[in-house]
Amino acid sequence: MGTFIIEGGHQLKGEIQPQGAKNEALQILCAVLLTEEPVTINNVPDIIDVNKLIALLNNLGVKVTKNGPESYTFQADQVDLDFLQSEDYKVQGRGLRGSIMLVGPLLARFGKGYIPRPGGDKIGRRRLDTHFEGFIKLGANFRYNKEEYFYGVEADELHGTYMLLDEASVTGTANIVMAAVMATGETTIYNAACEPYLQQLCKMLVRMGADIKGIGSNMLTINGVKKLGGTTHTILPDMIEIGSWIGLAAMTKSEVTIKNVAYDELGVIPDTFRKLGISIERKGDDIFIPAHKDGYEIQNYIDGSILTIADAPWPGFTPDLLSIILVVATQARGSVLIHQKMFESRLFFVDKLIDMGAKIILCDPHRASVIGHDFQSILKATTMTSPDIRAGISLLIAALSAKGTSTIHNIEQIDRGYQNIDTRLKKIGAKIERLA
């Protein structure tokens with residue numbers, strides 16, 4: 001179990017480049033299975049979850065060529081379908097939540113797709129019903145081995161249909177879209193997720209020859225095609241990393257420029273941080289965060305009531321940044337209620353912030369009330385363990401702003417989502433060391 005040793009209380013300064021988006025990469029990588037032709041993907045983040053999926057594709061028989069530090073070419077012209085029933089596949093698939101999105105393209109192209117119950121962050125129940133209900137509506141037969149927790153879908157032919165998703169699941173929508181692009185006839189997906197990453201997947205599939213209408217809306221219309229071809233695709237910068245760096249700059253009163261952020265794809269993220277009083281300046285496609293020497297003040301509602309920040313499906317505020325908002329609020333002037341609607345247990349890391357001196361009331365598993373210190377009382381260094389990716393980066397930000405030297409264990413969780421984070425933060429002045 002790896003460890004970070006962080007000496008807090010230092011101002012940072014400089015430029016930082018966000019990595020490619022993890023959540024987009026996991027979808028895009030699975031889509032290479034839809035064609036036998038080469039697919040080149042650029043801006044691929046070098047993180048544990050993405051590298052696990054690349055290794056899994058390679059074991060499936062996909063030819064993987066590394067063109068450069070963040071560029072790969074994939075060719076799925078000799079997929080080994082027998083590997084799907086192997087013990088190695090079951091073990092590797094369990095270790096990666098994103099492996100569920102292999103099922104859609106495998107079903108579309110080969111008529112069958114299997115997956116063990118995936119693992120991933122322990123952030124509450126994230127069911128798979130939406131995925132498999134969509135496949136069944138397209139005409140697939142579903143089977144489930146309860147002893148091995150092994151799921152499967154099979155179909156001689158998929159047929160287009162109308163479906164109303166029970167939830168706007170991003171991975172569920174992506175999986176169903178990848179299955180539907182080669183189904184016979186027209187498929188309509190209503191209550192579809194419309195996150196930028198899902199839009200990116202759809203645009204890539206269109207370049208491969210798919211017929212998809214309504215991209216960016218919650219109703220997608222797909223006319224199936226017989227075959228898809230190769231393409232080149234560039235992954236967007238990671239909006240979760242961008243939000244993390246905004247929060248880090250504010251908490252450490254640092255002057256930081258976040259480079260090449262694809263600003264127009266960030267939705268409400270910049271304005272949500274502005275509600276905490278954080279100054280965000282757009283400079284071309286960069287974000288400049290000035291040093292908040294006088295702190296930052298939470299904006300109440302017009303009637304004077306306390307601000308509530310809650311997550312919601314896109315174009316609402318992404319749940320992956322609520323933990324960052326919560327940490328940043330601990331040093332604001334004023335109070336805010338954080339409402340985590342979409343997942344369970346994601347707020348259970350606040351006890352570690354309370355140990356550091358934060359004023360937080362955990363109302364229930366979904367809501368936390370934060371009373372900001374206005375930097376009158378600096379967080380105290382402590383020793384803690386990262387429970388998941390998003391809580392881990394939030395605790396790291398807290399440690400970098402705290403007085404003294406903090407220790408964070410289980411940093412593999414952070415590494416799953418953030419590429420070479422210690423090296424990159426050192427370049428802008430962070431005092432952070434990695435212990436194996």
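Everything numeric here is computed off the predicted structure, so don't read it as measured data.

Basis of the calculations
Residues numbered from 1 in each chain as written. Predicted model: local features only at pLDDT ≥ 70, side-chain atom pairs only at ≥ 80, totals over all residues. Heavy atoms only, no water. 1 Å grid on protein atoms, 1.4 Å probe; cavity = no way out; pocket = protein on both sides within 12 Å on 5 of 7 lines; lining within 4 Å. Points joined across faces, edges and corners; volume = space filled by probe spheres on them. Helix = DSSP H or I, 4+ residues; strand = E, 2+ residues; numbered from the N terminus. Nonpolar A, V, L, I, M, F, W, Y, C, P; charged D, E, K, R; others polar. Buried < 20%, exposed > 50% of the residue type's maximum accessible area, 1.4 Å probe, protein only. Arc of directions from axis to C-beta. Contact = heavy atoms within 4.5 Å. Pairing = 2+ DSSP bridges. Axes fitted to C-alpha atoms, helices over the stretch in contact; angles between N-to-C directions.

Engineer: Got a minute to help me understand empty space enclosed by the protein in this structure?
Structural biologist: What the rule picks out here adds up to two cavities of 30 Å³ or more. Its volume calculated, the largest cavity comes out at about 60 Å³. Every residue along the wall of the largest cavity is listed here: Pro319, Asp320, Leu322, Ser323, Gln340, Arg346, Leu347, Asp388, Arg390 and Ala391. When residues of the lining of the largest cavity are traced back to their parent elements, those giving at least two are α10 (322–329) and α12 (389–401). For the lining of the largest cavity, the residue count by class is four nonpolar, two polar and four charged. Its volume calculated, the second largest cavity comes out at about 40 Å³. Pro196, Leu236, Pro237, Met239, Val261, Ala262, Glu265 and Leu266 are the residues that line the second largest cavity. Residue composition of the lining of the second largest cavity, grouped by class: seven nonpolar, no polar and one charged.

Engineer: Is there a simple way to think about helix α3 (residues 87–94) in this case?
Structural biologist: Residues separated by three or four positions in an α-helix point in the same direction, a consequence of the helix having 3.6 residues per turn. Among the residues of α3, Tyr89, Lys90 and Gly93 are the ones counted as buried. The buried residues of α3 all sit within an arc of 100° when viewed along its axis, so they share a single face. Where α3 is buried, its residues meet α2 (48–59), β6 (112–116) and β8 (150–154).

Engineer: In this structure, what is going on with the sheet that holds strand β14 (residues 255–258)? I would like to understand it.
Structural biologist: Across a sheet, strands are paired by hydrogen bonds formed along the backbone, either parallel or antiparallel in direction. Pairing within the open sheet is mixed, and its four strands lie in the order β2-β14-β16-β15. Each edge of the sheet is formed by a strand with only one pairing partner; in this case those strands are β2 (13–16) and β15 (281–283). Along the sheet, successive strands turn relative to each other by an average axial angle of 20°, direction set aside. Bridge count for β2 against β14 is four bridges, and the pairing is parallel.

Engineer: Mind showing me how you'd approach unusual backbone geometry here?
Structural biologist: Most peptide bonds are trans, and most residues other than glycine sit at a negative phi. Here the bond from Trp314 into Pro315 is cis, since omega is 15°, no more than 30 degrees from zero. Within the secondary structure layout, Pro315 lies in the loop between β17 (307–310) and α10. Within the chain, Asn420 stands out as a residue other than glycine whose phi angle is a positive 45°.

Engineer: Help me understand the sheet that holds strand β11 (residues 211–213), please; the structure alone is not making it clear to me.
Structural biologist: Read from one edge to the other, the open sheet built from four strands follows the order β9-β10-β12-β11, with strand pairing classed as mixed. One side of each edge strand has no neighbouring strand; the edge strands of this open sheet are β9 (162–164) and β11. Between one strand and the next, the sheet's axes are offset by a mean angle of 15°, whatever the strand orientation. Pairing between strand β10 (residues 186–190) and strand β12 (residues 219–223): five bridges, direction antiparallel.

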